[in-house]
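Chain by chain, the residues:
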Amino acid sequence: MEQVLQILSAVRPDVDFETETALIDDGVLDSFDIVAIVGDLNDAFGIEITVEELEPENFNSAEAIYALVQKLLEE
């Protein structure tokens, strides 16, 4: 989880990712942020986040992003 938080903070240091639960729903992250986050997650964890996984519920919180990473690591 710590590595995910570091990646998120590198993209948007102004956001408190530990408490925010509506990153997409509230417009905190835009499409450019998501592209950067997906690229960084793919590189850091050796995974491939596909278009099908680019659902708002997968990116609304750091916990949701971490859960997505864990799911992809298990596949």
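As a starting point, this report considers the structure included with it. Note that the coordinates shown come from a computational prediction; the quantities given were computed from them, not determined experimentally.

**Considering the packing of helix 1 (residues 2-11) against helix 4 (residues 62-74)**
Here helix 1 crosses helix 4 at 120 degrees, and the two axes come no closer than 10 Å. Classified by the angle their axes make, helix 1 and helix 4 are oblique. Crossing handedness for the pair helix 1 and helix 4: right-handed. Here Val4, Leu5 and Leu8 of helix 1 lie close against helix 4, whose contacting residues are Ala62, Ile65 and Tyr66. Class assignment of the residues belonging to the contact of helix 1 with helix 4 gives a composition of 6 nonpolar, no polar and no charged.

Conventions adopted
Residues numbered from 1 in each chain as written. Predicted model: local features only at pLDDT ≥ 70, side-chain atom pairs only at ≥ 80, totals over all residues. Heavy atoms only, no water. Axes fitted to C-alpha atoms, helices over the stretch in contact; angles between N-to-C directions. Helix = DSSP H or I, 4+ residues; strand = E, 2+ residues; numbered from the N terminus. Parallel < 35°, antiparallel > 145°, perpendicular 65-115°, else oblique. Left-handed = near helix turned anticlockwise from the far one by under 90°. Contact = heavy atoms within 4.5 Å. Nonpolar A, V, L, I, M, F, W, Y, C, P; charged D, E, K, R; others polar.

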